[in-house]
Amino acid sequence: MPIQRAKSIDTLYDEVADYDLVVTPDAPLASAINRRVDVPQFGTFATTPRRLAAGRREQAEDRTAFLEVVNRTDHDWKSISYAVGNVLQCWEHQGAHDAIHEYEPYVDDATEAVVDIIGDLRTTSKRLGDYTINEGSVAVVAEDQLTELERSILPDSYDRVELFTDQRFDCPSFDVFESSADIVDAILHTVDGENAENVAVVLDSNSRYSSLVESALEAKDVPYYGGPGFVDRPHHRCFLTLCRSAFRGSETTVADIKPVLTQMGVDVGVDHDKKRLHTVDHPDVEWIQTFCESLTSWTFAEAVATYESRTGASMTAFSDELGALGLSERRIDAQGVDQLAYYLQTYEVPVDRENEGVLLADAKSASYVDRPVVFHVGLDEGWTHSPPRRPWIDVDEQFQQYIQQFQLLLQSGIEQYYLVQDTAGGQPVTPCLYFEELLDVDYDRFSDLEHESHTRTFDDVGEGFEKEPVDVEPKSITNISNSSLKRYVNSPRDYFFDRLLDGPDEDYLTEGSLFHDFAEFYVSNPGFVDEATIDEVADVLVDEVTPFFPETHEPLRRREYRIGLETIVEYLDSQRPFREDFLTPASGWGENTFAQYFDRPVDSPLTERWFEDASLGIKGQIDFVVAPDHLLDFKSGTKNSQRDMIKQAAIDPPADTPDFQAALYLCYYRTQRPDEPLEFTFFHFLETLDDVVTGDHDIEETLTTVSYYPWTFDEHVASREAFETLLDGWNDCEATVDDLGYDAYSEIMDRLSFPIATEKDVLRASTFAEEFTEAVDERTSDAVDAEKGCDQAIRILNDVRKKTFFREDLDAIEGFVQERIEELNRYRAGDERFPVDGPRGEPNYRRVDHRDLLLQGESNE
């Protein structure tokens, strides 16, 4: 069905001007007609059935009934609210206040109480049931949108007036913007204090657009009304959040009460966000801690008074509402706070508004807006009603009413502007479902419909984009750490935001730092550390990390920390006596927590060796030098295999979870010990927690070591070492190679080149495999299965490649790092934007830390 053209208000007025009374289904529509009256009028002209029956503006009778039933019964609040909603809705559609008795599944004790009480209340529905129009000529506009109860007031004789014509309304094209902020900017470029009375903004009041538009209008000093309600007033929300936080117990974090802190003008710092509130030692948080601890000793009235005295806020209306609910003198408990929160979230408490300025209309409450210029914002799924699924409602009829209201809303205003986004958060925005009924085209998103795209560039004129030239040379970087390189490879823009913004402290970072400090301390003070010392160190760990986890976790954490410390001691003891003669003294890097705590030195050159190499472009800190050719890094996370370590250092393309630490450190260390095979070990000291508990602990299970050979893989394949590896392989491989002999094996491998591919099927089908098998078969006896033996040999050699770094691997890593640094310096200089996608393409969004600033699918341009 096409969009029907709605009659203009002037046309409607011309059709009804000669009637004594005009009944409309919508109050704004009635007000618009009344504003066209150009002759003296006695009494009411255009109005809604409810206003006519009540003799005043409609009241929120669901809230009135709820308050009455709450104060007269002992039923729980959610049951009362549910029953009130059902009774009033059934009354509206069936015409009698006790009509719900016809629907037995919806009748319970709470419903019976509501029916008994509500029948005696002077609600608008009650007045409608008692009222009948007895005055002169009556015109009814859009009668099919009136409910059964509203139709009950109509006289026997009246004239029907349709809202729509038989003509088609050609929907203006959609204005498609890249972001919600761009939409708000577009509105602000049009609206100011002088023309505010001529503008309306229709939006989903629960969407992000609502708060953005309100904030933008406030910032520009443009008056508006119809915006935030009673519960959205900052101090009301702030007080309720404080009360709810008090009953979350010790698990409440600083981040949970950040809105409260902001409202109170307190800046605690993002580093505390993940810490539990009651563990934070900060003067500005002390009042909130005291408030939460004292809350249960106060009544609601006393708590409000305490909040008012601290903030200077006036909460008279809030106190009045507490009185209406019977909560003022009630001592605060969790149930009372939950009831208050439920009430405020369920019912719209009336607020006094200045009806001037830009009109903000809710897309699901309004059906007509009488302003010359109307911005329809969003027009997405949030504009779609959810029809109530109740047996007393005709769903098809209700849907048709929604469709008509939507058509009328689309045509509100002399000028209509449809401001939408095609994507949000990297996902297509689904247009309001009513368009499926109204537009005779197939579409999935707004860009499939007639539209005009609006793209804001850095050259656009606008207050937010004006730039003053700054005569400062950009500072280039010469090296990069593994952690920064990992983030950069995943997403350069996430790396950029990480450099700009502070982040909260994390428990695993605090734990990891303290374990490293202990390892460094133990290497320098092995004779000092005993069982009692380890207990003290575990206490320090618990104290430092306690702000991040529930108190109930403390025994488990303490046990885990002690096992980790003992495992570190066990491993380091296995390396004694330590050799230091091959290293120059190290001055140390940073402060050591336990050196300060126990007032003892940490001066071993074997630990915490910081390096920076501008020629390679890398920097880092070596945790422990095991031997002249062996480096080790302490890890508290999950253990990786040798294959994982090599795979995560891949560069063509980079891995989904890149980690270049082993490769980077070996790149640096081979400059210190060139032409030597080297090893790098990850020591996962928490890996065997369960085994320690069961008494079946093996320190080797905590270690993952990869080797580096200062020769190419092809050179390695032909080497004696590779030959010995094959002799220790599978049976057919061992027999074949043994029969072949090293000299023949080396001669064959010297003239062949092992394929670059690592996939088993590709290797088997390669020319190398064919030539290798043929050459071996010629030089071995019939006693061995040369074909099978060669196949196993290729797989074993390929497995070595997957677990080992060779010269060409680290050469490629060094080139990769240099390319990234060159890119990074171009971005830093402003020659190009930091792109969202990294070298491997779309980021792994599970590894992105600034997800709210990095939109999935955002353009790299």
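Structure first, text after, so check above.
The following refers to the structure shown. (Residues numbered from 1 in each chain as written. Predicted model: local features only at pLDDT ≥ 70, side-chain atom pairs only at ≥ 80, totals over all residues. Heavy atoms only, no water.)

**Brief notes about the overall build of the protein**
- Along its length, the protein carries 35 helices and 21 strands.
- Expected size for 861 residues packed as a compact globule is a radius of gyration near 29 Å; at 37 Å, the protein overshoots this value by more than 25%.
- For the protein, the C-alpha atoms occupy an extent of roughly 115 × 65 × 65 Å along the three principal directions.
- The buried share of the protein, reckoned over its 861 residues, is 48%. (Helix = DSSP H or I, 4+ residues; strand = E, 2+ residues; numbered from the N terminus. Rg over C-alpha atoms; globule rule 2.2 N^0.38 Å. Buried < 20%, exposed > 50% of the residue type's maximum accessible area, 1.4 Å probe, protein only.)

**Thoughts on the pattern of salt bridges**
- In total, this model carries 41 salt bridges according to the counting rule given.
- A single salt-bridge network, built from bridges that share partners, covers Asp10, Arg35, Arg36 and Asp370. (Salt bridge = Lys/Arg side-chain N within 4 Å of Asp/Glu carboxyl O.)

**What about the sheet that holds strand 9 (residues 224-225)?**
- Pairing in this open sheet of seven strands is parallel, and the strands run 9-10-8-11-12-7-15 from one edge to the other. Since the sheet does not close on itself, it has two edges, and those belong to strand 9 and strand 15 (451-454), each with one partner.
- Pairing geometry for strand 9 and strand 10 (residues 358-362), over two bridges, is parallel. Residue pairing in the sheet places Tyr224 in a bridge with Val358 of strand 10.
- Sitting on the sheet, helix 10 (residues 208-219) is in contact with strand 8 (199-203), strand 9, strand 10, strand 11 (373-377) and strand 12 (415-421), with an inclination near 170° to strand 10. (Pairing = 2+ DSSP bridges. Contact = heavy atoms within 4.5 Å. Axes fitted to C-alpha atoms, helices over the stretch in contact; angles between N-to-C directions.)

**Considerations on the packing of helix 4 (residues 61-72) against helix 15 (residues 316-325)**
- Viewed as axis vectors pointing N to C, helix 4 and helix 15 meet at an angle of 55°, and their least axial separation amounts to 9 Å. Of the possible angle classes, the one that applies to helix 4 and helix 15 is oblique. For the pair helix 4 and helix 15, the contacting residues are Arg63, Phe66, Leu67, Val70 and Asn71 in the first and Glu321, Ala324 and Leu325 in the second.
- When grouped by side-chain class, the residues that make up the contact of helix 4 with helix 15 number five nonpolar, one polar and two charged. (Parallel < 35°, antiparallel > 145°, perpendicular 65-115°, else oblique. Nonpolar A, V, L, I, M, F, W, Y, C, P; charged D, E, K, R; others polar.)

**What to know about the pairing of strand 18 (residues 630-635)**
- Within strand 18, five of the six residues are buried, leaving the element largely enclosed by the surrounding structure.
- Taken together, strand 17 (residues 618-627) and the strand that follows it, strand 18, pair antiparallel across an intervening segment of two residues.

**With respect to the environment of Trp730**
- With respect to the helices, strands and loops of the structure, Trp730 is situated in the loop between helix 29 (720-727) and helix 30 (731-740).
- In this structure the C-alpha to C-alpha distance between Trp730 and Thr681, which are 49 residues apart in sequence, comes to 27 Å.

**Some points on the environment of Thr546**
- Summarising the element assignment, Thr546 is placed in the loop between helix 22 (531-545) and helix 23 (554-574).
- A polar atom in the side chain of Thr546 sits 2.4 Å from the backbone oxygen of Val542. (Polar contact = N/O pair within 3.5 Å; in protein donor to acceptor, adjacent residues only side chain to side chain.)

**Details of unusual backbone geometry**
- For the bond running from Arg576 to Pro577, omega is 0°, close enough to zero to count as cis.
- Each neighbour pair has its own omega, and for Asp652 with Pro653 the value is -5°, a cis peptide bond.
- Among the structural elements, Pro653 can be located in the loop between helix 25 (642-648) and helix 26 (661-672).
- Unlike most non-glycine residues, Asp221 shows phi in positive territory, near 60°.
- With respect to the helices and strands, the residue Asp221 is situated in the loop between helix 10 and strand 9.
- The exposure class assigned to Asp221 is exposed, which follows from its relative accessible area of 67%.
- You will see that Leu379, though not glycine, has its phi angle at about 50°, which is positive.

**Regarding the nonpolar core**
- With 79 residues, the main nonpolar core has Leu572, Phe624 and Phe805 as its most contacted residues.
- Considering each element in turn, this core owes the most residues, eight residues, to helix 26.
- When residues no more than four places from it in sequence are discounted, the contact partners of Phe624 are Val523, Tyr571, Leu572, Gln575, Phe578, Leu606, Thr607, His630, Leu631, Leu632 and Phe634.
- Grouped together as the second largest cluster of nonpolar side chains are 76 residues, Val138, Leu295, Met315 and Val337 included. (Core = buried A, V, L, I, M, F, W, Y, C linked by side-chain atoms within 4.5 Å.)

**Considering the pairing of strand 8**
- Counted residue by residue, strand 8 has five buried out of five residues, so it is predominantly covered.
- When strand 8 meets strand 11, the two strands line up parallel, connected through four bridges. Opposite Val201, over in strand 11, you have Phe375 as the bridge partner.
- Alignment of strand 8 against strand 10, held across four bridges, turns out to be parallel. Bridge pairing links Val201 to Leu360 in strand 10.

**Description of the packing of aromatic side chains**
- Under the definition given, this model contains 51 aromatic pairs.
- Ring geometry for Phe680 against Phe682: centres 5.2 Å apart, planes inclined by 85°, an arrangement best described as edge-to-face.
- Taking relative accessible area as the criterion, Phe680 reaches 1% and is therefore assigned buried.
- Using a relative accessible area of 4% as the deciding quantity, one classes Phe682 as buried.
- Through successive ring pairs, a cluster of aromatic residues spans Phe174, Trp383, Phe399, Phe406, Tyr418, Tyr434, Phe435 and Phe446.
- The ring of Tyr209 has Arg208 lying over it, and the distance from NZ or CZ to the ring centre is 4.6 Å. (Phe/Tyr/Trp six-rings, centres within 6.5 Å; stacked < 30°, edge-to-face > 60°. Lys NZ or Arg CZ within 6 Å of the ring centre and 35° of its normal.)

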